[in-house]
Amino acid sequence: MNGGADGPDDAPAEPGTPPPPPRRRGRPARAADGAGPGARERILAAARTEFAERGYDKTSIRRVAKAAGVDSALVHHYFGTKEQVFAAAIELTFAPALTMPDALAGGGADVGERMARFMFGIWENPVSRQPLLAIMRSALTNDTAAAVLRGLIERRMLQRVAGELDVPDPEFRVQLAAGHLIGIAMLRYVIRMDPIASADTEEIIAMVAPALRRYLTQP
């Protein structure tokens, strides 16, 4: 004798009927990986912050995923390897600098001043300066980070500028100009060596502009 009436779920299955799927416990299988609208953007923003704060060596896919609130597999799905995540993050950070070829289009006698003013405008802005400093430090201490940064600068900036120049060895000229500015940036913003660290920006621009113009325009 049964202790009570069987409910519909307790009734025996008809012969040949497949068994019902097992019940899942806990939360639904849906967003266990954090996928959903804006997931890619969250990952990219988290990667940018993690690389800026920790550098290349101390940042991992797992840390980026945790910061973005997603599963590590989703980071790999959108971006691939750690190197590729870094490349995507620094391209976002370098976005203001990547417009430099447009600012220098047409050349002209003031091209050196425009190049210096453009680059120092980015470096003097605290919002853009801090992530740039973090990227440079990563590139100085890790070969992979250096290779990614080098490829981005060559492909997206220097080659485009060189293509606009009507001088011998244009790529060499552009690299000389870029090296000039990067050296100043290292002394001023990374090492913070006086008097260049405390010099007025306009004074620096006035001093370096003729040298940049010579690199970019003189035969």
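See above for the structure.
The rules behind each value
- Residues numbered from 1 in each chain as written.
- Predicted model: local features only at pLDDT ≥ 70, side-chain atom pairs only at ≥ 80, totals over all residues.
- Heavy atoms only, no water.
- 1 Å grid on protein atoms, 1.4 Å probe; cavity = no way out; pocket = protein on both sides within 12 Å on 5 of 7 lines; lining within 4 Å.
- Points joined across faces, edges and corners; volume = space filled by probe spheres on them.
- Helix = DSSP H or I, 4+ residues; strand = E, 2+ residues; numbered from the N terminus.
- Nonpolar A, V, L, I, M, F, W, Y, C, P; charged D, E, K, R; others polar.
- Phe/Tyr/Trp six-rings, centres within 6.5 Å; stacked < 30°, edge-to-face > 60°.
- Buried < 20%, exposed > 50% of the residue type's maximum accessible area, 1.4 Å probe, protein only.
- Lys NZ or Arg CZ within 6 Å of the ring centre and 35° of its normal.
- Core = buried A, V, L, I, M, F, W, Y, C linked by side-chain atoms within 4.5 Å.

Undergrad: Explain the layout of surface pockets here, please?
TA: One way to see where empty space is left: roll a probe the size of a water molecule over the atoms. Of the volumes computed, that of the largest pocket is approximately 580 Å³. Sorting the residues of the lining of the largest pocket by element identifies helix 6 (111-123), helix 7 (126-141), helix 8 (143-162) and helix 9 (170-190) as the ones contributing at least two each. Residues belonging to the lining of the largest pocket are distributed by class as follows: 22 nonpolar, 2 polar and 2 charged.

Undergrad: Can you walk me through the packing of aromatic side chains in this structure?
TA: Aromatic rings in a pair are described by how distant their centres are and how their planes are angled relative to each other. Within this structure, the stated rule accounts for 5 aromatic pairs. Look at F51 and Y56: their rings are 5.9 Å apart centre to centre, the planes differ by 15 degrees, and that puts the pair in the stacked class. Neither residue differs from the other here; F51 and Y56 are each classed as buried. Between F51 and F86, the aromatic rings sit 5.0 Å apart at their centres with planes inclined by 75 degrees, giving edge-to-face as the arrangement. In this pair, F51 sits in helix 1 (residues 39-58) while F86 sits in helix 4 (residues 82-93), placing the two residues 35 residues apart along the sequence. Take F51 and F86: they sit in the same class, and that class is buried. In textbook terms, an aromatic cluster arises when at least three aromatic residues are bridged by ring pairs, as seen for F51, Y56 and F86. Over the face of the ring belonging to Y56 we find K82, whose NZ or CZ atom lies 4.4 Å from the ring centre. Between R214 and the ring centre of Y215, over which it is positioned, the NZ or CZ distance is 5.8 Å.

Undergrad: Mind showing me how you'd approach empty space enclosed by the protein here?
TA: The tally for this structure, following the rule as stated, stands at 2 cavities of 30 Å³ or more. For the lining of the largest cavity, the secondary-structure elements that each account for two or more residues are helix 1, helix 4 and helix 7. Residue composition of the lining of the largest cavity, by class: 8 nonpolar, 1 polar and 1 charged. Taken as a whole, the second largest cavity encloses approximately 30 Å³ of empty space. Lining the second largest cavity are M119, F120, W123, L181 and A185. Put simply, the parts of the chain that give the lining of the second largest cavity at least two residues each are helix 6 and helix 9. Here the lining of the second largest cavity gets 3 residues from one element, more than from any other, and that element is helix 6.

Undergrad: Is there a simple way to think about the nonpolar core in this case?
TA: For soluble globular proteins, the rule of thumb is that nonpolar side chains tend to be buried together. Grouped together as the largest cluster of nonpolar side chains are 62 residues, with contacts concentrated most on I43, F94, M100, M115, F120 and W123. In terms of residue count, the dominant contributor to this core is helix 8 (9 residues).

Undergrad: For this particular structure, what's the right way to read the environment of P219?
TA: Structurally, the position occupied by P219 is in the segment after helix 10 (201-217). The class of P219 is exposed, set by a relative accessible area of 91%. Taking C-alpha positions, P219 is 6.6 Å from P168, a pair spaced 51 residues apart along the chain.

The analysis is restricted to geometry; functional conclusions fall outside its scope.
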